[in-house]
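Spelled out, the chains give:
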Amino acid sequence: MTYQSRVYLSFGSMAALLLIVGFFQSWSVAFAILNLCLISSVMVLGVNMQWGYAGLFNAGVMGFAAMGGVAAVLVSAPPVQEAWQAGGAGIVLSFAIAIATAVAVGVVHWKMKSGDLAKFAVITAIIVIGFVLYRMNLDPAVEAIEAVEPAKTGFLGGLGLPILFSWAVGGLLAAGVAWIIGKIALGLRSDYFAIATLGISEIIVAILKNEDWLTRGVKNVNGLPRPVPYEIDVQQSPFYQGIADQLGVSIVEFSSIYVKLCYSALFLVVLLVIFYLSEKALKAPWGRMMRAIRDNEVSANAMGKHVTGRHLQVFILGSAVIGIAGAMLTTIDGQFTPASYQPLRFTFLVWVMVIVGGSGNNLGSVIGGFVIWFFWIEAEPIGLWMMDLITSGMAPENALRLHLIESASHMRLIMMGAILLLVLRFSAKGILPEQDRQSHR
Amino acid sequence: MSYLIGQNMTGGYGRGADILHDCTVGVEKGEIAVIVGPNGAGKSTAMKAVFGMLNLREGSVVIDGEDITGLSPQARVRKGMAFVPQTENVFPSMTVEDNLRMGAFVREDDITDSMEQVFGLFPILEEKRLQPAGELSGGQRQQVAVGRALMTQPKVLMLDEPTAGVSPIVMDELFDRIIEVARTGIAILMVEQNAKQALNIADKGYVLVQGRNRFTDTGAALLADPEVRKAFLGG
Amino acid sequence: MDLLNALVALANYILVPGIAYGSQLALGALGVTVVYGILRFSNFAHGETMSAGAMFAILFMWLFQSLGITIAPLPTIVLGLIPAILCMIVYLLITDRFVYRYYREQKAKPVIFLVASTGLMFLTNGIIRFIIGPDEQRVSDGARFVMKAREFKQLTGLNEGLAIKTSQLITVLAAVAIVVALFWFLEKTKSGKSMRAYSDNENLALLSGINPDRVVMIAWTLTAILATVAGALYGLDKGYKPFTYLQLLLPVFASAIVGGLGSPIGAIVGGFVIAFSEVTITYAFKKVIKYLAPDAWAPEGLVQLLSTDYKFAVSFVILVVVLIVMPTGIFKGKSL
């Protein structure tokens, strides 16, 4: 099968699957899946830059996606004036102290001779004093903020801007985190980098779960503004009622699909832009060099390529794309729920998408995002159906049968793990293999 | 026919281009055979081919009349061949004694005699027996490497540039020891960069150029050959 | 100023839990280090291997309990360890046969092993949840305490109590026994030395006739023992919850890297460094300061450097500092 026909076949089948869902389940469900597929594809494009282009194993996709979620809250949530009055100054001051401490450590680090015991002592002293001052200012401020109507707000709120801005901000925040982690862990061995990314993502999510003053923690931030109309407004508009009548569908169903279509259009624009840029970059000398480095780091190093610097670039860019996708996801959810950031859903699933789609191929990333998301959503019904089939011979109240049916939801984990291992082993190139690749492995 | 011989060997690493072309090297029991030649002549490759570390497209390796062309390097160890790589030829974090014990890993019998022999040959090793091999000097490490290989009680000892990176005094010393080993009846096949000194102790010499046999004769004859002297021994 | 009470409080809240947690981390890190030393990749599935080992130990514990076999005052799970270890050896050898062996033969890059081990991590996690469910399981039966806080107070007449849980004592004893056995194996036996040789210089080990398949098999066997004991002890100490082992991966790896990946002594030292840092930094020092400082200085807050929610951040920060300052770790890891 030629590459061209593989592309048509895979995208054709995917479209057919979505159409089947549309006709047999409901169009609303079909578009809901489509929207998440689009977001997934964007996220996969980001991971593909890191893994497919450069061979970097980012085990912390979750953390970068969460930075996008934070951006959505910080940009779009309405500001809470009382909270700002109660503790805003304290927060600002304590962060100023934190920055000053970091700067002081940096200055000492540059100015004093390294290996000096005095230097170590000075740095430790600065950190201790800085930390004490930081906590002395932060703690009462946090307490004051979290006391402001804790059931409704209890946090500083955001800027009250349109949520679409948060997509860019999410990218920037994720890029910032990537810069810090990349500076530390890139250039070391690949597993150190993987562990560092794993660690930072766990910590980001821990912060989001516990710092109530920032994002309300596990109390979630609900009711984020939308970039598209609300169903209720669509239903009440005579203009849309007319269209619905002409199409012969109920206005309720029409409004639901219309809103989802608006999201789809927005997501599609982002996907296309990022896809176009990714392809451009991949085909450009920059992308060729990146792949050359991936395939032979030693000789690239010997040729004088600055491997670590290149890796830092691609890591930051990829993370920014993941951050954008994370902000998009929080946008469509309309709420920010830190507890929903699970490594399985946000790191591992995206990895399966990259590898199944075809590492190094952007089109492959898109199809990987679509296919895997589709089956992720359908895995539970399939698993349940399978368990039902296996246990159909047993009595309805059989303990094993009940256990198996109850455990069907864990089939997802097993299935995704198995898919990753099988594809990696037997079809390492994925659905759409990387094109014009010079050397193998 | 020689005790060990690699005949008409043609081949290279993996699926890469051929490095050896119809190359033949061999050695008798109790003799020293030396492979010399310019950089990139395929000297080490020829030796690795004899040891089964690359795929031969043509040719064969025969030891004591038995064809071992198809055997893995590990299997050749059991046939009585021992190989000392040029670099990374000791277990750095293990003591000298444990290095020697690892050399005798496949043996089930008592190894104390072999250990005594190695210590007799390289007295410094007995002195440093409890020191990690990674902490020794370059020359001492080469002794550990040769000692480890001898612990397998080989019939053939293969050395890949044993004197690389050691001082001239240590080199002479090592060559003396190698002669001593050969006197015990072991066949020695080695690759050497220091062609003149090596041919001096060689019973047989192979001059390779671009993976082919260029000159083959006794060490003394090669040293005397004006053409060899001019092209390979610097006059 | 009451030095004695302060010291007892520190021992009770930092020393005792720190030693127990450190032992668990050390065993976990040893498992990571063995795999790294022999197979040369960081095994991301190790957390789940520990979890699976603990799960098997619990399943056998239930079996023994239902048969009425207990070893009171010791918890029954100790009895379940041996069959659990056997199950884990089988499981790890199966995964090696079907996952890692192929990449070994291909001489794949370490990062491919990393991705494969991540796949295995989630597969194992799924199997665990499938078998035992995602809920917490209580595993401690038998005597709960070796020494109760109240008894200690009566004995010494101090205000502060010092409690030692049975699980903590067992953890430490088991860890010491396992570590001694492991070092004896690596230093004294021929098989153990061949492992070290293989870890030191793979090619030379092959040239010496050491069988790589056997070395790999022994490595997984050791890993099964270490992981099962570590996982079961952690579950015994803190309660068994399938999802906690994923989070345990970070401190375990931090321990192994801080000590020096591939160095067994490093893994042990690293385990205690991480454990004590975590416990100390998340401990509220209010009580201790109250004993030491004059009343007027008594602090208002808890004097806790970091809330326990961020205990993983502690291992991460230590990890980052080590990566920046000395990437090879304290013991310059590389070989067993």
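Source: prediction; values computed, not measured.

Asks: Can you walk me through the interface of chain C and chain B in this structure?
Replies: Often, the extent of an interface is quoted as the loss of accessible area on bringing the components together. Each partner contributes to the interface: chain C provides 16 residues, whereas chain B provides 22 residues. Buried area between chain C and chain B, both sides added, is near 1700 Å², and the carbon and sulfur share of it is 59%. Where chain C packs against chain B, one counts one salt bridge. The tally of links from chain C across to chain B stands at seven residue pairs in polar contact (both at pLDDT 80 or more). Among the secondary structure elements, those contributing two or more residues to the side of chain C that touches chain B are helix 7 (190-200) and helix 8 (202-207) of chain C. No other element matches the six residues that helix 7 of chain C contributes to the side of chain C that touches chain B.

Asks: Can you help me understand the domain arrangement of chain B in this one?
Replies: Residue and element names in this part refer to chain B. By domain assignment, chain B separates into domain 1 (1-80 + 154-235) and domain 2 (87-153). Here domain 1 and domain 2 have C-alpha centroids that lie 23 Å from each other. If you look at the interface, domain 1 gives 15 residues, while domain 2 gives 12 residues. A combined buried area of about 1100 Å² lies between domain 1 and domain 2, and 76% of that area is made up of carbon and sulfur atoms. Applying the counting rule to domain 1 against domain 2 returns zero salt bridges. The interface formed by domain 1 and domain 2 includes two residue pairs in polar contact (both at pLDDT 80 or more). Those elements that provide at least two residues to the side of domain 1 that touches domain 2 are helix 2 (73-78), strand 7 (156-160) and helix 7 (168-183). In terms of residues, the side of domain 1 that touches domain 2 owes the most to one element, helix 7, which gives five residues. A breakdown of the residues in the side of domain 1 that touches domain 2 according to their chemical character gives 11 nonpolar, no polar and four charged.

Asks: How should the interface of chain A and chain C be read in this particular structure?
Replies: Listed as interface residues are 47 residues of chain A and, on the opposing side, 48 residues of chain C. Both sides of the chain A and chain C interface together cover about 4100 Å² of buried area, and 74% of this is carbon and sulfur. Inspection of the chain A/chain C interface yields zero salt bridges. In this assembly, chain A and chain C are joined by seven residue pairs in polar contact (both at pLDDT 80 or more). Of all elements in the fold, only helix 5 (117-146), helix 6 (164-185), helix 7 (190-210), helix 12 (285-295), helix 15 (343-357), helix 17 (399-406) and helix 18 (411-426) of chain A reach the threshold of two or more residues within the side of chain A that touches chain C. Broken down by element, the side of chain A that touches chain C gets its largest block of residues, 14 residues, from helix 7 of chain A. Each residue belonging to the side of chain A that touches chain C can be placed in one class, and the counts come to 30 nonpolar, eight polar and nine charged.

Asks: Is there a simple way to explain the pattern of salt bridges in this structure?
Replies: Two side chains with opposite charge may pair up if their charged atoms get near one another. For the structure shown, the criterion picks out 23 salt bridges over all chains. Salt-bridge contacts for R291(A) lead to E434(A); the nearest nitrogen and oxygen are separated by 2.7 Å. Of this pair, R291(A) sits in helix 12 while E434(A) sits in the segment after helix 18, and the two are 143 residues apart along the sequence. Residue R291(A) is classed as buried on the basis of its relative accessible area of 11%. On the basis of relative accessibility, which here comes to 11%, the residue E434(A) falls in the buried class. Between E173(B) and R177(B) there is a salt bridge; the shortest N-O distance is 2.9 Å. Taken together, the positions of E173(B) and R177(B), both in helix 7 and four residues apart, correspond to about one turn of that helix. Taken together, the shared-partner salt bridges connect R291(A), R294(A), D295(A) and E434(A) into one network.

Asks: Please explain the sheet that holds strand 5 (residues 66-67) of chain B as it appears in this structure.
Replies: As a general point, the strands of a sheet are linked pairwise by backbone hydrogen bonds and lie either parallel or antiparallel. Residue and element names in this part refer to chain B. Strands sit in the order 2-1-4-5 across an open sheet of four strands; the sheet is antiparallel. Looking at strand neighbours, the two that pair on one side only are strand 2 (20-27) and strand 5, the edges of this open sheet. Where strand 4 (residues 55-63) and strand 5 come together, two bridges link them in antiparallel fashion. Of the residues in strand 5, the one forming a bridge with I63 is E66. Lying over the sheet, helix 1 (residues 43-50) contacts strand 1 (4-12), strand 2 and strand 4, oriented at roughly 70° with respect to strand 2.

Asks: Help me understand the pairing of strand 1 of chain B, please; the structure alone is not making it clear to me.
Replies: Residues and elements named next belong to chain B. The buried fraction of strand 1 is high, at seven of nine residues. Relative to strand 2, strand 1 runs antiparallel, the two sharing five bridges. Counterpart to I5 in the pairing with strand 2 is G26.

Asks: Can you help me understand the packing of aromatic side chains in this one?
Replies: Centre-to-centre distance and the angle between the planes together describe a pair of aromatic rings. Taken as a whole and assessed by the stated rule, the structure comprises 33 aromatic pairs over all chains. An angle of 15° between the planes, with centres 5.9 Å apart, marks the rings of F254(A) and Y258(A) as stacked. Residue F254(A) and its partner Y258(A) are located together in helix 11 (residues 251-283), separated by four residues, close to a single helical turn. Taken together, a centroid distance of 5.6 Å and an interplanar angle of 20° make the contact between Y13(C) and Y283(C) stacked. Of this pair, Y13(C) sits in helix 1 (residues 3-39) while Y283(C) sits in the loop between helix 11 (264-281) and helix 12 (286-292); the two residues are 270 residues apart in sequence, bridging distant segments of the chain. Overall, Y13(C) belongs to the partly exposed group, its relative accessible area being 34%. An aromatic cluster of at least three residues, connected via ring pairs, comprises F41(C), Y100(C), Y102(C), Y103(C), F113(C) and W220(C).

Asks: Sorry if this is basic, but what is going on with the sheet that holds strand 3 (residues 32-36) of chain B here?
Replies: All names here are of chain B. Spatial ordering of the open sheet is given by 6-7-8-3-9-10, a layout of six strands whose pairing is mixed. Two strands lie at the open edges of the sheet, namely strand 6 (81-84) and strand 10 (212-217), each paired on one side alone. Between one strand axis and the next, the sheet turns by 15° as a mean value, whatever way the strands run. Two strands pair when backbone bridges link them, and strand 3 and strand 8 (residues 187-191) are joined in this way by four bridges, in the parallel orientation. From the neighbouring strand, A33 faces strand 8, where its bridge partner is L189.

Asks: Explain the environment of L186(C) here, please?
Replies: Residues and elements named next belong to chain C. Looking at where L186 falls in the secondary structure, it is placed in helix 6 (residues 166-188). With relative accessibility at 3%, the residue L186 sits in the buried group. Between the C-alpha atom of L186 and that of A230, which follows or precedes it by 44 residues, the distance is 19 Å.

Asks: Looking at this structure, how should I read the packing of helix 2 (residues 27-53) of chain A against helix 11 of chain A?
Replies: To describe two helices that pack against each other, one gives the angle between their axes and the distance between the axes. Residue and element names in this part refer to chain A. Where helix 2 meets helix 11, the axes come as close as 9 Å, and the angle between the chain directions of the two elements is 20°. Classified by the angle between their axes, helix 2 and helix 11 sit roughly parallel to one another. You can see that helix 2 and helix 11 cross each other, and the crossing is left-handed. A breakdown of the residues in the contact of helix 2 with helix 11 according to their chemical character gives 20 nonpolar, six polar and two charged.

Asks: Looking at this structure, I do not really get the side chain of T153(A). What am I missing?
Replies: Residue and element names in this part refer to chain A. Within the secondary structure layout, T153 lies in the loop between helix 5 and helix 6. Given the relative accessible area of 16%, T153 is considered buried. At 3.0 Å, the side chain of T153 and the backbone oxygen of V148 are in polar contact. Discounting chain neighbours no more than four positions away, the residues touching T153 are V80, V148 and R216.

Asks: Quick question: what am I supposed to make of a nonpolar patch on the surface here?
Replies: All names here are of chain C. Taken together, the side chains of I265, V269, V273, V317, V321, I324, V325, M326, I330 and F331 present a nonpolar region at the surface, about 810 Å² in accessible area. Residue assignment for the nonpolar patch shows that the elements contributing at least two residues are helix 11 and helix 13 (311-325). Here the nonpolar patch gets four residues from one element, more than from any other, and that element is helix 13. Within the secondary structure, M326 sits in the segment after helix 13.

Criteria and thresholds
Residues numbered from 1 in each chain as written. Chains lettered and ligands numbered in written order. Predicted model: local features only at pLDDT ≥ 70, side-chain atom pairs only at ≥ 80, totals over all residues. Heavy atoms only, no water. Contact = heavy atoms within 4.5 Å. Buried area = accessible area lost by both parts, 1.4 Å probe. Salt bridge = Lys/Arg side-chain N within 4 Å of Asp/Glu carboxyl O. Polar contact = N/O pair within 3.5 Å; in protein donor to acceptor, adjacent residues only side chain to side chain. Helix = DSSP H or I, 4+ residues; strand = E, 2+ residues; numbered from the N terminus. Domains from an automatic or database assignment. Nonpolar A, V, L, I, M, F, W, Y, C, P; charged D, E, K, R; others polar. Buried < 20%, exposed > 50% of the residue type's maximum accessible area, 1.4 Å probe, protein only. Pairing = 2+ DSSP bridges. Axes fitted to C-alpha atoms, helices over the stretch in contact; angles between N-to-C directions. Phe/Tyr/Trp six-rings, centres within 6.5 Å; stacked < 30°, edge-to-face > 60°. Parallel < 35°, antiparallel > 145°, perpendicular 65-115°, else oblique. Left-handed = near helix turned anticlockwise from the far one by under 90°. Patch = residues over 30% accessible without salt bridge, like charges linked within 9 Å, V, L, I, M, F, W, Y side chains within 5 Å. Areas by Shrake-Rupley, 256 points an atom, 1.4 Å probe, with all protein chains shown as cover.

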